[in-house]
Amino acid sequence: MPKIPRPLIAATAVVVAAGGWLVLRPKPSQLQSSPVVPEQASPVKAEAVAALGQLMPAGDIRSLAAPTAGIAGTPRIAALHVKEGALIQRGEVLATFDHRQGLLADLEEINAKLRSLEQQIALQTVEVSRFQKAAEWGAAERVLVDNKREELIRMQGQRSEALASRKGLQTDLALSQLISPIDGLVLEIHSREGERPGSDGVMDVGASQKMEAKIEVYESDVARIRLGQIVRLTSENGGFKGNLNGQVIRISPQVEQRAVLSTDPTGDADARVVQVDVALDPADAKKVMRLAGLKVIARFQANS
């Protein structure tokens, strides 16, 4: 076999290498850098607002005071007929004061006086009529008729005074017992048996047919609260099981100092808060209608 010259072998290698480069070289479009697609930031999920509050009747709340018993001032409580948390009805007797027995005795006395006066007036009326006829027949002096008539007028005046006294006694007697003005719940009793009620009155009662929660939201979080927002309530101390459902019905326009304190001793007692009222769903309100004042933790559904 003839020997191939080395220069020819080298030339052939160069040609083959050049051809391979032409086939495998990148095209111009491939040399352009691919555009960088920016990573899309994941949406930040809004955090739910949590705050402390307490359950309260949504209806009327009244502070019931004791009456004034003349110069003796405020009477003492003789008997309390209800306890805190008791359900009450309009017209129900809640407490009795110690001056009631004296009023009952005075009323019985005035009634006896009135019965006697009625009898005397009836007899005196007959007497005046009899002397009037006798005077017309000439059998009695006119002056006797006038005396009998004056006596009748005096008796009628005594009766009018006695009737006015009885009316006053009946009014005082009605006030000698504390009567519930509403259907509702006894929220707090300020005075006990044997005590004279002070400026706080005898007790506070509230209409408990509807319940709501008064929540204290930090002023830094109130921007995330809106009317109609869904709220879940849990008991801080296990006063009820599970959750209560409600929604925001009022947001106070005033920033106040915190009143409902946490059981956490490190809690900020001087924090500034806004009161947010949450109406409970009717079914849940029935579960806690006897738990006015119970502390709750509210979790407001995060805004979408």
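In the block above lies the structure referred to throughout.
What counts, and at which threshold
- Residues numbered from 1 in each chain as written.
- Predicted model: local features only at pLDDT ≥ 70, side-chain atom pairs only at ≥ 80, totals over all residues.
- Heavy atoms only, no water.
- Helix = DSSP H or I, 4+ residues; strand = E, 2+ residues; numbered from the N terminus.
- Expected span 1.5 Å × (residues − 1).
- Pairing = 2+ DSSP bridges.
- Buried < 20%, exposed > 50% of the residue type's maximum accessible area, 1.4 Å probe, protein only.
- Contact = heavy atoms within 4.5 Å.
- Axes fitted to C-alpha atoms, helices over the stretch in contact; angles between N-to-C directions.
- Core = buried A, V, L, I, M, F, W, Y, C linked by side-chain atoms within 4.5 Å.
- Parallel < 35°, antiparallel > 145°, perpendicular 65-115°, else oblique.
- Left-handed = near helix turned anticlockwise from the far one by under 90°.
- Nonpolar A, V, L, I, M, F, W, Y, C, P; charged D, E, K, R; others polar.

Re helix 3 (residues 100-137)
- Look at helix 3: 56 Å from first C-alpha to last across 38 residues, which is about the 56 Å you get at 1.5 Å a residue.
- A positive phi of about 85 degrees marks Gly138, the residue just after helix 3.

Some words on the pairing of strand 11 (residues 244-257)
- Direction of pairing for strand 10 (residues 230-235) relative to strand 11: antiparallel, over a ladder of four bridges. Residue pairing for strand 11: Val231 is matched across the bridge by Gly246.
- Of the pairings in the sheet, the one linking strand 11 to strand 12 (residues 272-280) comprises eight bridges and is antiparallel in character. The residue of strand 12 that forms the bridge with Gln257 is Arg272.

Comments concerning helix 4 (residues 142-175)
- Its 34 residues place the ends of helix 4 51 Å apart at the C-alpha level, agreeing with the 50 Å of an ideal helix rising 1.5 Å per residue.
- Within helix 4 the residues assigned to the buried category are Val145, Leu152, Met155, Ala162, Leu169 and Leu173.
- As for helix 4, its buried residues are in contact with helix 3 and strand 6 (177-179).

As for the sheet that holds strand 12
- What the six strands build is a closed barrel, ordered 1-9-12-11-10-13; its pairing is antiparallel. Sheet twist, expressed as the average angle between the axes of neighbouring strands with direction ignored, equals 40 degrees.
- In terms of strand pairing, strand 1 (residues 49-57) meets strand 13 (residues 295-300) through six bridges, oriented antiparallel. Paired with Val49 across the two strands is Phe300, which belongs to strand 13.

Observations regarding the sheet that holds strand 6
- Across the sheet, three strands lie side by side as 3-5-6; this open sheet has antiparallel pairing. If you trace the sheet from one side to the other, it starts and ends with strand 3 (77-80) and strand 6, each paired once. Each strand of the sheet is rotated relative to its neighbour by a mean of 20 degrees, with strand direction disregarded.
- Where strand 5 (residues 93-97) and strand 6 come together, three bridges link them in antiparallel fashion. Paired with Thr96 across the two strands is Gln177, which belongs to strand 6.

A closer look at the nonpolar core
- Residues Leu55, Ile215, Val217, Leu233, Val278, Leu280 and Phe300 are the most contacted members of the largest nonpolar core, which totals 22 residues.
- Put simply, the parts of the chain that give this core at least two residues each are strand 1, strand 9 (211-218), strand 10, strand 11, strand 12 and strand 13.
- Counting residues per element, this core draws most heavily on strand 9, which supplies four residues.
- Every residue in contact with Phe300, bar those within four places of it in the chain, is listed here: Ala48, Val49, Ala51, Ile215, Val217, Ile225, Gln229, Ile230, Val231, Val248, Val276 and Val278.

Looking at the environment of Ala86
- Assignment of secondary structure puts Ala86 in the loop between strand 3 and strand 4 (87-88).
- In the structure, Ala86 is positioned 99 residues away from Leu185 in sequence and 5.7 Å away in space, judged by C-alpha atoms.
- Non-local contacts of Ala86, meaning those with residues more than four positions away in its chain, are made with Gly184, Leu185, Val186 and Arg290.

Quick notes on the packing of helix 3 against helix 4
- Two elements in contact, helix 3 and helix 4, have axes separated by 8 Å at closest approach and are oriented at 160 degrees. Relative to helix 4, the element helix 3 lies roughly antiparallel. The two elements helix 3 and helix 4 cross, and the hand of that crossing is left-handed.
- Classifying every residue of the contact of helix 3 with helix 4 by side-chain character gives 18 nonpolar, nine polar and 11 charged.

With respect to the environment of Val186
- In this structure, Val186 sits in strand 7 (residues 184-189).
- Among the residues examined, Val186 registers a relative accessible area of 1% and is labelled buried.
- The residues contacting Val186, other than those within four sequence positions of it, are Val82, Lys83, Glu84, Gly85, Ala86, Ile88, Met203, Asp204 and Val205.

Fair warning: the whole summary comes from geometry, so function is off the table for now.
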